[in-house]
Amino acid sequence: MKNLFKLTIIASILFTLAACGRMGPLIPWEGYVPCYDEIVPSKRSLSKLSDKELILKAVSSGHYTDIEFGGSDALNPDIPSYDKDLANKEELIEILIAPDSDSCPDSGESTASSN
């Protein structure tokens, strides 16, 4: 009787797994590939960065026109931009967090996978 119960449990698990494979993937976004190469940073992680690191991150992500410099060295061309102080640190963080709709051509569409 004990062996019959074990056999019934094992068979039901096998039939359930086989049925799931025929119905479709267990993960609904199995065929989905994200449009970005790195994990999107959070506001908390960006606010911990220094002005120099934030400027370099903005430049590398293509948001160099959104950077505003402040302080006495803002207009000095002899000082590299990454050594200057930021005037709009909070705005720049918001810009870096906001999703870039141009970088993902299928944004907003369904990501159903085909079998």
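Before going into details, it helps to say that this report is about the structure given with it. None of these values were measured; they are calculated from a predicted model.

**Focus on the overall build of the protein**
When helices and strands are counted, the protein shows four helices and two strands. Counting every position in the protein, which comprises 115 residues, the buried fraction comes to 15%. Entry remark: accessible area of the protein is about 9,200 Å², with carbon and sulfur atoms responsible for 58%.

**Comments concerning the side chain of Asn88**
Here Asn88 is to be found in the loop between β2 (85–86) and α4 (89–97). At a separation of 2.8 Å, a polar atom in the side chain of Asn88 contacts the main-chain carbonyl oxygen of Asp66. Ignoring anything within four residues of it in the chain, the contact list for Asn88 reads Asp66, Ile67 and Glu68.

How each quantity is defined
Residues numbered from 1 in each chain as written. Predicted model: local features only at pLDDT ≥ 70, side-chain atom pairs only at ≥ 80, totals over all residues. Heavy atoms only, no water. Helix = DSSP H or I, 4+ residues; strand = E, 2+ residues; numbered from the N terminus. Buried < 20%, exposed > 50% of the residue type's maximum accessible area, 1.4 Å probe, protein only. Areas by Shrake-Rupley, 256 points an atom, 1.4 Å probe, with all protein chains shown as cover. Polar contact = N/O pair within 3.5 Å; in protein donor to acceptor, adjacent residues only side chain to side chain. Contact = heavy atoms within 4.5 Å.

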